[in-house]
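Given next are the chains, with one letter for each unit.
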Amino acid sequence: MAYGNTLSALADPTRRRVFERLKDGPHAVADIARGLPVSRPAVSQHLKVLKEAGLVADRPEGTRRVYYIDPQGLGALRKWLDQFWDEALAAFQAEAERSAQGGGKDTQGRKHDK
Amino acid sequence: MTQTITIAPVRKTIQVKTSAAHAFEVFTAGLDRWWPKDHGIGKTPRKAVLMETRLGGRWYEVAEDGTQTNIGRIVAWEPPQRFVMSWDINSQWKPDTTVASEVEVRFIAEGANATRVELEHRKFERMGAEPGEKMRRDVDGGWPGLLEVFRAHVERA
């Protein structure tokens with residue numbers, strides 16, 4: 001479910017720009033809105049969606065709220081790569097051990113038995 | 001470019017019942033023998049995934065039609081202990097040498113027929129870096145592409 005939220009939250013180009021504005025650190029809504037072709041309320045709305053998706057978090061700072069990227073939200077990327085390498089390494093392990101034992105099946109003409 | 005987004009490296013360790021030399025050899029020169037068929041990046045259908053086993057060498061895919069797609073480049077080459085390669089893939093899961101994350105693989109001998117393989121994929125924040133001004137299609141940059149790949153991957157599983 002979390003991935004679905006992350007995906008849909010970042011699917012919108014403007015929202016992605018809002019998100020990317022936070023890459024260099026926390027910002028208040030007014031800062032984020034500056035330079036973007038959308039109104040401040042629209043930016044607030046985008047931030048709300050990003051927050052619900054777990055991509056940004058906010059905290060009070062004096063009289064205003066600042067928004068910042070929630071590192072946890074980027075966990076989707078990490079999680080995917082995690083699985084990617086798990087699968088790759090399992091395949092590697094199987095091949096390394098199979099070819100090391102020798103004898104067995106086809107090694108595509110590449111024997112490395114020492 | 002400030003890069004305050006940092007993402008913890010992915011670290012993996014597996015034990016392989018073979019020598020470090022053999023493990024290193026299979027991982028690198030033998031890449032095509034084990035690399036999962038669905039872990040492709042370039043044009044499909046894929047014919048092979050190969051590594052040029054030297055400093056500066058490429059890790060690349062060859063499609064059935066002969067098209068080559070570079071995945072990365074060897075930046076440290078110390079057989080049979082370790083190698084490091086740049087992983088020149090952006091968050092759209094497309095080749096892009098400007099955003100390289102980095103993969104290090106270490107082969108630690110624990111016996112004549114026992115090797116611990118440690119893999120670390122790091123510097124992901126480079127994948128999310130804002131594209132350089134002279135380059136490309138702005139709004140399509142960013143995380144969504146990779147997340148899309150992720151979703152497709154999960155759903156296929």
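Preceding this section is the structure that the text describes.
Trainee: Where do I start with the overall build of chain A in this structure?
Mentor: What chain A contains, in helices and strands, is five helices and three strands. Counting from the amino terminus, chain A carries its helices and strands in the arrangement α-α-β-α-α-β-β-α. Counting across all 114 residues of chain A, residues that qualify as buried make up 30%. The contacts in chain A between residues at least 6 apart in sequence include a share of 47% that link residues at least 24 apart.

Trainee: Is there a simple way to explain helix 4 (residues 40–52) of chain A in this structure?
Mentor: Three- or four-residue spacings in an α-helix give side chains the same orientation, since the helix completes a turn every 3.6 residues. Residues and elements named next belong to chain A. Taking 1.5 Å per residue as the helical rise, helix 4 with its 13 residues ought to reach 18 Å, and the 18 Å between its terminal C-alpha atoms agrees with that figure. Every buried residue of helix 4 is listed here: V43, H46, L47 and L50. Taken end-on, helix 4 shows its buried residues confined to a sector of 100 degrees, consistent with a single buried face. More than 90 degrees from the buried face of helix 4, the exposed residues found are P41, K48 and E52. Positive phi appears at G54, one or two residues downstream of helix 4, with a value of about 80 degrees.

Trainee: Looking at this structure, how should I read the sheet that holds strand 3 (residues 64–69) of chain A?
Mentor: Across a sheet, paired strands are connected by hydrogen bonds in the backbone, their directions being either parallel or antiparallel. Residue and element names in this part refer to chain A. Pairing within the open sheet is antiparallel, and its three strands lie in the order 1-3-2. The open sheet is flanked by strand 1 (27–28) and strand 2 (56–61), the only strands paired with a single partner. Where strand 2 lies against strand 3, six bridges are found, and the strand directions are antiparallel. Counted as the bridge partner of R59 is V66 from strand 3. Sitting on the sheet, helix 4 touches strand 2 and strand 3, and the angle it makes with strand 2 is about 115 degrees.

Trainee: Would you mind going over the sheet that holds strand 4 (residues 68–78) of chain B with me for this structure?
Mentor: All names here are of chain B. An order of 1-7-6-5-4-3-2 is seen for the seven strands of this open sheet, with the pairing classed as antiparallel. A strand with exactly one partner marks an edge of an open sheet, and here the two such strands are strand 1 (10–16) and strand 2 (46–51). Strand after strand, the sheet turns through a mean of 20 degrees between neighbouring axes, direction not considered. Along the sheet face, helix 1 (residues 20–28) touches strand 1, strand 2, strand 5 (82–87), strand 6 (101–111) and strand 7 (114–122) and points at about 150 degrees away from the line of strand 6.

Definitions and limits used
All residue numbers refer to position in the chain's written sequence, counted from 1. The lettering of chains begins at A and the numbering of ligands begins at 1, in the order of writing. Where local features are concerned, this predicted model is filtered to residues with pLDDT of at least 70; where side-chain atom pairs are given and counted, the filter is 80 or more; whole-chain, interface and lining totals use all residues. Runs of H or I in DSSP of at least four residues are treated as helices and runs of E of at least two as strands, each being numbered from the N terminus. Exposure classes come from backbone-placed C-beta atoms, where a residue is buried if 20 or more other C-beta atoms lie within 10 Å of its own, exposed if 12 or fewer do, and partly exposed in between. Residues are treated as contacting if the C-beta atoms built from their backbones sit within 7 Å of each other. In a helix, the anticipated span is given by 1.5 Å times the number of residues less one. Throughout, the arc means the angular range of directions from the helix axis out to the C-beta atoms. One bridge is not enough; two strands pair if DSSP finds at least two bridges between them. Between N-to-C directions, angles span 0 to 180 degrees; the directions come from axes that are lines fitted to C-alpha atoms, helices contributing only their stretch in contact.

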